[in-house]
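Understanding the architecture of this molecule
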Amino acid sequence: MEKLIKIKSYLEGKFYEREKEIEGLLVALLARQHMLLIGPAGTAKSLLSVELAKIIEGANYFQWLLTRFSTPEELFGPVSLKELEQGVYKRNTAGKLPEAHLAFVDEIFKANSAILNSLLTLINERLFYNNGHPVKTPLMTIVGASNEYPEEGEGLEALFDRFLLRFEVDYIADDQNFISMLKGSSSLTEAPSITLDELHDLQFQTSLVTVPDEIFQTLAEIRRKLRDEGIHPSDRRFKQSLSLIQAKAILDQRNTAQLQDLLILQNTLWETPEQRDVVTDIVKEHAQDKVTTMLKRIRKEFNEIMKQVYEEKTTEMVLEANKKLKQLDKELEKLWKENPEQRETIMELAEVVNDTRRDLAENILDI
């Protein structure tokens, strides 16, 4: 697992403001799932995949840019003329997608009908039909990329759905990161490496990660909340998402999944860009333990109360604030009695609330 940390650290040092995408790519690889990057040209979508492929010793890497006029030969190999003379329609797949462990397909939504069926079968089942016979492929992960989302009515819904992880990427935002990118990465350490056998072992370990019942219950709660918002990820997508949760645990060097691992699902459970923010909020709300959720809510209420006090500065407002703070104090007391193992964390906030109540009484009311 240490090699994963080194790889992650190396890639984050080489690609600025791509921490989430790097984590997503490693999670996809461990889970043997596929990942989609959507964003303008020049945002290092392909470079990230190329760099990761260099790190995996022994892996076959395939990369291609699709156009509306791309043919099956470009992805799956040309028809063997020698075989054709014998009446056998067989493709020579050497160096092409059916023999790749990791692949990057740019402008993937320009896949035409001649390519689409074979591509879907390869993505879904890791099978390529050659001369009518299914051939098992070594494919672990396809990284698809596009400058834009597919339009409705183009028949690409099934292809879009097969990418379990989806990320929007944009240009570097921070000026200093932009300058560092311009200067280059001369200070980077030597690139780490991992063998294909080591990666397969990590993928096996990923499949053995324990998923506690709390995770399953939380997933049911997330599904219910999403449905209330009119968002309906398929049962298959939820089922496949378990592998992402397990992979996230392995990436964090754990053999048991935790609630925080659910955060990866904010890149999984939305179907349209308009749904993304709602999904993110719901996932974040549930990807933490109940005490953390309560403390976050109480802290937010506390800040809102104090904002009103400082904006209005009236005796009535101070008295009302004191009453509300007393109620928060009671909630915190109940919380630590029910969760003694987290008493220290809870009491930190309780002390802030109590100190503020005293300040209101002594300094504002001059009592």
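In the block above lies the structure referred to throughout.
Predicted model only: the values in this text are computed from it and were never measured.

Turning our eyes to something else, we now look at the side chain of Thr218. Of note, Thr218 is situated in helix α10 (residues 213-228). At 2.7 Å, the side chain of Thr218 and the backbone oxygen of Glu214 are in polar contact. With residues up to four places along the chain from it excluded, the contact list for Thr218 reads Leu259, Leu262 and His286.

Turning next to helix α14 (residues 315-338). For α14, which comprises 24 residues, the first-to-last C-alpha distance of 35 Å matches the rise-based estimate of 34 Å (1.5 Å per residue) to within 8%. Among all positions of α14, only Met317, Val318, Ala321, Leu325, Leu328, Asp329, Leu332, Leu335 and Trp336 are buried.

The strand order across the open sheet formed by five strands is β3-β4-β7-β1-β8, and the pairing between neighbours is parallel. Strand pairing shows two members of the sheet lacking a second neighbour, β3 (61-65) and β8 (165-168), which therefore form its edges. Adjacent strand axes in the sheet meet at a mean angle of 15 degrees when their direction is disregarded. In this sheet, β8 lies alongside strand β1 (residues 35-38) in parallel orientation, the contact comprising four bridges. From the neighbouring strand, Ile38 faces β8, where its bridge partner is Glu168. In the packing of helix α2 (residues 19-31) onto the sheet, contacts are made with β1, β4 (102-106), β7 (141-146) and β8, and the angle to β8 comes to roughly 165 degrees.

Another point: helix α6 (residues 113-125). Taking 1.5 Å per residue, 13 residues should reach 18 Å; α6 reaches 18 Å between its end C-alpha atoms and fits that length. Those residues of α6 that fall on the buried side of the exposure criterion are Ile115, Leu116, Leu119, Leu120, Thr121, Leu122 and Ile123. In this fold, the buried residues of α6 make contact with α4 (72-76), β5 (127-130), β7 and α7 (157-161). Sitting at the amino-terminal end of α6 is Asn112, which places a side-chain oxygen 3.1 Å from the backbone nitrogen of Ala114.

Volume-wise, the largest pocket comes out at about 420 Å³. In this structure, the largest pocket is lined by 19 residues; those nearest its centre are Lys20, Phe167, Gln266, Asn267 and Thr280. Where the lining of the largest pocket is concerned, the elements lending two or more residues are α2, β8 and α12 (276-286). The class makeup of the residues in the lining of the largest pocket is four nonpolar, five polar and ten charged.

Turning to unusual backbone geometry, a few remarks are in order. Note on backbone geometry: most residues besides glycine have negative phi, and most peptide bonds are trans. For Arg32, which is not glycine, the phi torsion reads 55 degrees and is therefore positive. On the secondary structure map, Arg32 appears in the loop between α2 and β1. Among the residues examined, Arg32 registers a relative accessible area of 31% and is labelled partly exposed. One non-glycine residue with positive phi stands out, namely Ala44, at about 65 degrees. The topology assignment puts Ala44 in the loop between β1 and α3 (45-55). Residue Ala44 is classed as partly exposed on the basis of its relative accessible area, which comes to 25%.

Before going further, it helps to spend a moment on the nonpolar core. Ranked by size, the top nonpolar core spans 85 residues in total, and within it Leu11, Leu52, Leu97, Leu119, Ile142, Leu159 and Leu262 carry the most contacts. Look past the residues within four positions of Ile142 in its chain and what remains in contact with it is His34, Met35, Leu97, Ala103, Val105, Leu122, Ile123 and Phe163. Membership of the second largest hydrophobic core comes to 20 residues, among which are Met306, Ala321, Leu335 and Ile346.

So, about the packing of aromatic side chains. According to the stated counting rule, one finds five aromatic pairs in the structure shown. Plain terms: the ring middles of Phe62 and Trp64 are 6.1 Å apart, the flat faces sit at 5 degrees to each other, and that makes the pair stacked. On the basis of relative accessible area, Trp64 is assigned to the partly exposed category, the value being 29%. Plain terms: the ring middles of Tyr149 and Phe160 are 6.3 Å apart, the flat faces sit at 65 degrees to each other, and that makes the pair edge-to-face. Here Phe160 lies in helix α7 and Tyr149 lies in the loop between β7 and α7, a separation of eleven residues in the sequence. Among the aromatic residues, ring-to-ring pairing joins Phe109, Tyr149, Phe160 and Trp270 into one connected group. In this structure, Arg343 is placed above the aromatic ring of Trp336, and the distance from its NZ or CZ to the ring centre is 4.0 Å.

Quick notes on the rules
Residues numbered from 1 in each chain as written. Predicted model: local features only at pLDDT ≥ 70, side-chain atom pairs only at ≥ 80, totals over all residues. Heavy atoms only, no water. Helix = DSSP H or I, 4+ residues; strand = E, 2+ residues; numbered from the N terminus. Polar contact = N/O pair within 3.5 Å; in protein donor to acceptor, adjacent residues only side chain to side chain. Contact = heavy atoms within 4.5 Å. Expected span 1.5 Å × (residues − 1). Buried < 20%, exposed > 50% of the residue type's maximum accessible area, 1.4 Å probe, protein only. Pairing = 2+ DSSP bridges. Axes fitted to C-alpha atoms, helices over the stretch in contact; angles between N-to-C directions. 1 Å grid on protein atoms, 1.4 Å probe; cavity = no way out; pocket = protein on both sides within 12 Å on 5 of 7 lines; lining within 4 Å. Points joined across faces, edges and corners; volume = space filled by probe spheres on them. Nonpolar A, V, L, I, M, F, W, Y, C, P; charged D, E, K, R; others polar. Core = buried A, V, L, I, M, F, W, Y, C linked by side-chain atoms within 4.5 Å. Phe/Tyr/Trp six-rings, centres within 6.5 Å; stacked < 30°, edge-to-face > 60°. Lys NZ or Arg CZ within 6 Å of the ring centre and 35° of its normal.

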